[in-house]
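Given next are the chains, with one letter for each unit.
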Amino acid sequence: MKSSCGRFRKVQNRAMSTSTSRTSAQISYIKQMQVALAAFALLNLNGSLYKKDANIQDRDTFDYLVVGGGTAGAVVAARLVEANFSVLIIEAGGNPGVESHYPGFVTYVKNSRIDWNFTTEPDDFFGQCLKEGSGPSTGKAIGGSGNTNYMLYSRGNPRDYEKIYEITEDSTWKWENMLKYFLRSERLDDEEVLSSAFGEYHGSNGTIGVTKDNREICDEYLRAFEEVGEDVVVDNIGAGILGYSSGLYHIVDGHRTTSSESYLPPLNDNPNLYLTRHSTATKILFDDNNNAVLWSNINVLYPKSRGEIRLRSLDPEDQPIIETGYFSDDQDLEDVVDAVLDLIKIESTPFGQDNALEFLPVAEMCRGIEFGTREYWRCHLLCVTVATWRDAGTCAIGDVVDTHLFVIGVKRLRVVDASVFPNALGGAILAPTVALAEKAAEIIIADRKNHNMCGGKK
Ligand SMILES: Cc1cc2nc3c(=O)[nH]c(=O)nc-3n(C[C@H](O)[C@H](O)[C@H](O)COP(=O)(O)OP(=O)(O)OC[C@H]3O[C@@H](n4cnc5c(N)ncnc54)[C@H](O)[C@@H]3O)c2cc1C
């Protein structure tokens, strides 16, 4: 995959702006909006979307406890309930609100009531000019980060799944065997893609709605890329081919689609589904002194930089220590400079000229460096780049969990979320996380039949 028009911003006689170079006035406005949205949430307008909180008593038992009703948790819980198991979802956050329902409100989600508001440790690399807004965003509400993300639908590249197979030596993780989970969970509404040669790689009857960005401005951008000799394709997701294309999004009829709002409401009348909001699991009887590795993905698809996430203390209320490590490997910086130089070529196309597209020097820190040179872009990137938060690998398959997603050596405990992907995927990871959860539910149900309740070796 290369990119979609949603990634680019038209610049007309003003500085290239990023979400990070916000002025104090903009930040203050965002905070005011967040206060207004939090007040609005008190009306609990979507309170009936999900089940009411279950009245849990000591000694209540359930077939499965799912910690976190986020992207993966909602899928696993739903599939287990459909298979007649009783499931309690323990979710730290509450209901999502309008700020996640309407895609245009995405700016107001970060550092809000539905965000864990984690911060990253400062380092000498990434985000040197960012005083506010450089920290990660992680959803804290039913639906998890599906409520706070940028809604891009992607799957990574088939070769990414080959790497999982190489690590696990389990062919069920190969791309051709994972495809059915993507088809099962995707409900794409786009005739052009579905009737194309790539249609067979997409689902049109699955659970989560997906649409293609069909704005005219996208077509214009794509034409500009064609003019500078790039390949434009109908779809770069299904078959994993390279080329520019309009993006697919987790958006339907103007509203965001999440796994929770797609999988859980149809089960609201099912007595086997239990849900508790504002409930944080603080202890799992599981010893692990390992510092897991945070695999990071910046703008390039396969970064070499690695970060770390560690416990700050044994107090579950304390934020973890997050060191992103972004750009700590020089090659990543050079790769992103290449990507920028590739992108700015469209400035000189007829489309760029007609729209007065102009990239301007905005990074104060880089004054004195000749604009447009590699050195300038290196400086600019270190100054203002933000991450797209496709973190994975903290509970990697083959390291922390086995191929059945059991924590290795621990009975009756599995991890099913984005953290189990052992390598960075070449794209956004919500859809792969949903596919993973679909697969996990199948594994759990089959293991139950076979009385397999314990993680063994890798
Ligand atoms: C800003 C941002 C932009 C992104 N953009 C995209 C994009 O455009 N496209 C894409 O595909 N992906 C994107 N992603 C990534 C994608 O959204 C996530 O990788 C995916 O949602 C992760 O799913 P998950 O199930 O692992 O975790 P989550 O969806 O985050 O779910 C975890 C849930 O567990 C709950 N929880 C955590 N700890 C506890 C506890 N102790 N007790 C109870 N509950 C707990 C949380 O509150 C949360 O609801 C983005 C992510 C972010 C943050």
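Computed from a predicted structure; not experimentally measured.

Asks: So what's going on with the overall build of the protein? Residues and values would help.
Replies: A tally of helices and strands in the protein yields 12 helices and 12 strands. Residues counted as buried form 40% of the 458 residues belonging to the protein. Across the protein, the fraction of contacts at a sequence separation of at least 24, relative to all contacts at a separation of at least 6, is 68%.

Asks: How would you sum up the pairing of strand β2 (residues 87-90)? Please name residues and give values.
Replies: Where strand β1 (residues 64-67) lies against β2, four bridges are found, and the strand directions are parallel. Counterpart to valine 67 in the pairing with β2 is isoleucine 90. Once you follow β1 into helix α2 (residues 71-82) and on to β2, the crossover reads as right-handed. Sheet topology places β2 next to strand β9 (residues 273-276); four bridges connect them, and they run parallel. Within β9, the position partnered with isoleucine 89 by the bridge is leucine 275.

Asks: Which residues make up the site of the ligand, and what are the values?
Replies: Around the ligand there are 36 residues in total, and Gly68, Gly70, Gly144, Ala428 and Leu430 lie nearest to it. Of the residues belonging to the shell around the ligand, the class tally is 14 nonpolar, 18 polar and four charged.

Asks: Any details on the sheet that holds β9? Residues and values, ideally.
Replies: Pairing within the open sheet is parallel, and its three strands lie in the order β1-β2-β9. The open sheet has two free edges, formed respectively by β1 and β9, since each of these has just one partner strand. Strand-to-strand twist of the sheet, defined as the mean angle between neighbouring strand axes without regard to direction, takes the value 20°. Contacts from α2 reach β1, β2 and β9 within the one sheet, and its direction differs from that of β2 by about 165°.

Asks: Explain the pairing of strand β11 (residues 306-310) to me, and be specific about the residues and the numbers.
Replies: Because side chains alternate across β11, one face comprises the buried residues Gly307 and Ile309, and the other comprises Arg306, Glu308 and Arg310, none of which is buried. Sheet topology places β11 next to strand β12 (residues 321-323); three bridges connect them, and they run antiparallel. Each residue of the ladder has a partner; that of glutamate 308, found in β12, is glutamate 323.

Asks: So what's going on with the environment of alanine 431? Which residues, and what values?
Replies: Position of alanine 431 among the secondary structure elements: in helix α12 (residues 430-449). Taking the number of C-beta atoms within 10 Å as the measure of exposure, alanine 431 has 26 and is therefore buried. Residues alanine 431 and threonine 71 lie 360 residues apart in sequence; the distance between their C-alpha atoms is 9.0 Å.

Asks: Residues and numbers for the nonpolar core, please.
Replies: For soluble globular proteins, nonpolar side chains are generally found buried alongside one another. Counting residues in each nonpolar core, the largest one holds 67 residues, and the members touching the most others are Val75, Val76, Ala77, Val87, Val420, Ala437 and Ala440. The element best represented in this core is α12, accounting for nine residues. Counting 15 residues, the second largest nonpolar core, distinct from the first, contains Phe327, Ala363, Leu382 and Val384.

Asks: Which residues make up unusual backbone geometry, and what values go with them?
Replies: With the exception of glycine, the majority of residues adopt a negative phi angle, and the majority of peptide bonds are in the trans configuration. The backbone of asparagine 111 sits at a positive phi, close to 55°, despite the residue not being glycine. Position of asparagine 111 among the secondary structure elements: in the loop between α3 (98-101) and β3 (152-153). At phenylalanine 327, a position not held by glycine, the phi torsion is positive, near 65°. Inspection of the secondary structure puts phenylalanine 327 in the loop between β12 and α9 (330-343). Taking the number of C-beta atoms within 10 Å as the measure of exposure, phenylalanine 327 has 24 and is therefore buried.

Asks: Mind laying out the environment of leucine 49, listing which residues take part and the relevant values?
Replies: Relative to the helices and strands, leucine 49 resides in the loop between α1 (24-41) and β1. Taking the C-alpha atoms as reference points, leucine 49 and proline 266, 217 residues apart in sequence, are found 9.6 Å from one another. When neighbours within four sequence positions are excluded, leucine 49 is seen to be in contact with Glu261 and Pro265.

Asks: Describe the sheet that holds strand β6 (residues 248-249), listing the residues and the values that go with them.
Replies: A sheet is described by the order of its strands in space; here four strands give the open sequence β3-β6-β5-β4, paired in mixed fashion. The sheet terminates laterally at β3 and β4 (186-189), the two strands that pair on one side only. Judged from the two bridges that link them, strand β5 (residues 208-212) and β6 form a sheet pairing that is antiparallel. Of the residues in β6, the one forming a bridge with threonine 211 is tyrosine 249.

Asks: Which residues make up the environment of asparagine 157, and what values go with them?
Replies: Relative to the helices and strands, asparagine 157 resides in the loop between β3 and α4 (158-168). Sequence separation between asparagine 157 and leucine 242 is 85 residues; the distance between their C-alpha atoms is 9.6 Å. If we ignore the near neighbours within four places in the chain, the residues touching asparagine 157 are Gly240 and Gly426.

Asks: Residue-level account of helix α5 (residues 175-185), with values.
Replies: For α5, the complete set of buried residues consists of Met178, Tyr181, Phe182 and Ser185. For α5, the angular spread of the buried residues around the axis is 100°, confining them to a single face. Turning to α5, the residues buried within the fold contact α4, β4, β5 and α12.

Asks: Please provide a residue-by-residue account of the confidence of the model for the protein, values included.
Replies: For the protein, the average pLDDT comes to 86, and 90% of its residues sit at 70 or higher. Across residues 1-20 the pLDDT falls below 50, and counting only partners more than four positions away or on other chains, this stretch makes 46 contacts in the model. Scored below 50 in pLDDT, residues 290-299 shows 44 contacts in the model against residues more than four places distant or in partner chains.

Asks: Lay out the packing of α2 against α12 with the relevant residues and their values.
Replies: Interaxial distance between α2 and α12 falls to 8 Å at its minimum, and their mutual angle equals 30°. Here α2 lies roughly parallel to α12, going by the angle between them. As α2 packs across α12, the resulting crossing turns out to be right-handed. Between α2, through Thr71, Ala72, Val75, Val76, Arg79 and Leu80, and α12, the contact on the second element is made entirely by Leu430, Thr433, Val434, Leu436, Ala437, Glu438, Ala440, Ala441 and Ile444. Split by residue class, the contact of α2 with α12 holds 11 nonpolar, two polar and two charged.

Calculation rules
Residues numbered from 1 in each chain as written. Predicted model: local features only at pLDDT ≥ 70, side-chain atom pairs only at ≥ 80, totals over all residues. Helix = DSSP H or I, 4+ residues; strand = E, 2+ residues; numbered from the N terminus. Buried ≥ 20, exposed ≤ 12 C-beta atoms within 10 Å, placed from the backbone. Contact = placed C-beta atoms within 7 Å. Pairing = 2+ DSSP bridges. Right-handed = clockwise from strand over helix to strand, strands pointing away. Near = placed C-beta within 6 Å. Nonpolar A, V, L, I, M, F, W, Y, C, P; charged D, E, K, R; others polar. Axes fitted to C-alpha atoms, helices over the stretch in contact; angles between N-to-C directions. Core = buried A, V, L, I, M, F, W, Y, C linked by C-beta atoms within 7 Å. Arc of directions from axis to C-beta. pLDDT = per-residue confidence, 0-100. Parallel < 35°, antiparallel > 145°, perpendicular 65-115°, else oblique. Left-handed = near helix turned anticlockwise from the far one by under 90°.

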